[in-house]
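Chains, contacts and geometry: an overview
One letter stands for each residue in the lines below.
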Amino acid sequence: MEYAALFGLCAVFSGVVVRFSIALAGRFGAMDRPGGHKQHAVSTPFVGGFGLIAVLALAFTLRDFLPGGTTPVSLLALLAGALCMFLTGLADDLWHLGFKIRFVVQALVALSMVFIGGVEVASLGELLPGIEVDLGWLVVPITVFATVGLINAVNMIDGIDGLSGSVSLVSLAFIAVVAQGGGNSAYFLVAVALMGGVVGFLVYNLRYPGNARARVFLGDNGSMLLGFVFAWLLIALSQGGEEAVMAPVTALWLFALPLMDTVGVMLRRIWLGKSPFRADRHHLHHLLVRAGFRVCDVVAVAVLMQFVFALVGVGGLWLRVPEYLMFWLFLGVFAVYFLVIARPWRLVPWLQWLNRRLGLPSAQVRGIFVGYVRREACPQLLGLIAQGLSGRYDYQVSVFESDREDAQGRRVYCMVHVPTMGDEHLIGAVRRDVVQMRRRLASKHGLDIRLLLSRDGDSGLQSVFDTGTTAGRRSGVDERRHLRSTLIYSIERGRHSVRSDHGGFELSLPPPCR
């Protein structure tokens, strides 16, 4: 109960600190501005790390009020190192430090972790049957390398709203379970407090109904802090001989997704003859977004993957699976992961297919297509569309007449344009309406009902069509015909105006039903 109360207190405290930091961010220039490879369209504060460093300080202050609250000196070193990483990240956010400067500071903090905190990678565990790999004189360089790598892994996965925080929350939860199971109350305290801090941050960073975009970013100040704490906890809990509460290979599973994504992307860059530190858009989350997954769905996929990886790691630990088997299994999973993401031109089409198979709405949804009917049936068609829409969003219904007709003389169709404006939950509502309309209207009235998908993220009227059904595939990209269509009727519903062109224009349409 005491730790549950600590979690709740830290979540609230972090939320308050982040909210206060958001209010002050503009005055101090702590804003992440759009441009370059960034996906956000508006300036957003990057002050998420303030909530995290605040809860670490709070947890250290309250340590004596919790069971087993004796705190080793190393915990004070952990707080000092986290503060140093927070300040370095904040300086990078504000003044864009070079990567060499960041690496030097990260290496120095890693050295302090070894010589002050006493936390070091002394053994890699039993990587082969009966052979335990002790590092000897390589302890310090390997510890520095691992710490710097983990710090930057969190930074590199921080690419879309809610991703790094959600994945980190899963890892922290499993770390807390392992620490508690091993009787390490000090690091259990840190993990629980930081979980609360991440939850308080995610309130402003995740996309959910009523929060269409992130109101705050983690920033380098938050990602570097998180990465350092991960490095400390994973190393401290997996080293120390008899005092270790998990095997070194378990630490790999608890941090699997950020680790595999970072190493995989860097290996791909080296393979292509590029600098491993040169930013690109080939991380897994970028490929999922390119395939049409909504950001909230990308976060859900990443959380599920990390949960499975961590569950495998903890399950292997508790079931006493030999370390070498868990290690080679991890390498096998990573090899598959790397081969998959190394060829994005093959992966993205497969992910698009997976998106449709899962029944997830595409991020490119911009409305609904309903057709075809005779001209005299237009009033009835409009009535059916009005009944089928939930009324939870603004929309514009435009009725068009094409220059070709099918065998039954039908050439009129409707396009329901919805100003989604990147609101992923609104996109979900549109898709649910399409599903309901298909069930009620498609077979009974012989209507073709599909989602309108924008081309290349364009929210204009030139659209392609959802190809989630067999009929959709038959009239997809290969069989699309360019028809001349004339707008004959348009009506808007909602509080906001939707742009309309009342002249004829070129549309990519499926042929009239035969």
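Residues numbered from 1 in each chain as written. Predicted model: local features only at pLDDT ≥ 70, side-chain atom pairs only at ≥ 80, totals over all residues. Heavy atoms only, no water.

Counting its regular elements, the chain contains 17 helices and eleven strands. Of all 514 residues assigned to the chain, the portion counted as buried reaches 52%. For the chain, the share of sequence-separated contacts (at least 6 apart) that also reach a separation of at least 24 residues comes to 72%. (Helix = DSSP H or I, 4+ residues; strand = E, 2+ residues; numbered from the N terminus. Buried < 20%, exposed > 50% of the residue type's maximum accessible area, 1.4 Å probe, protein only. Contact = heavy atoms within 4.5 Å.)

What follows concerns the pairing of strand E4 (residues 131-134). Two strands pair when backbone bridges link them, and strand E3 (residues 123-128) and E4 are joined in this way by four bridges, in the antiparallel orientation. When the sheet's bridge partners are listed, Ser-123 is paired in E4 with Asp-134. In textbook terms, the turn of a hairpin is the stretch between consecutive antiparallel strands, and for E3 and E4 this stretch comprises two residues, one of which, Gly-130, has a positive phi near 75 degrees. (Pairing = 2+ DSSP bridges.)

The element strand E5 (residues 365-373) is extensively covered by neighbouring structure, given that nine of its nine residues are classed as buried. Pairing geometry for E5 and strand E8 (residues 448-454), over six bridges, is antiparallel. By the bridge assignment for E8, Phe-369 is matched with Arg-450. Pairing between E5 and strand E7 (residues 412-417): six bridges, direction antiparallel. Note on E7: the bridge partner recorded for Phe-369 is Met-415.

On to the confidence of the model for the chain, then. Should pLDDT be low for a region, the predicted coordinates there are not to be read in detail. Across the chain, the average pLDDT comes to 84, with 87% of residues at 70 or higher. Per-element averaging of pLDDT across the chain places strand E11 (residues 505-509) at the bottom with 34 and helix H9 (residues 248-254) at the top with 96. Note that residues 467-481 has pLDDT below 50 and, in this model, 26 contacts with residues that lie over four places away or in other chains. The low-confidence segment residues 497-514 (pLDDT under 50) makes 68 contacts with residues lying over four places distant or belonging to another chain. (pLDDT = per-residue confidence, 0-100.)

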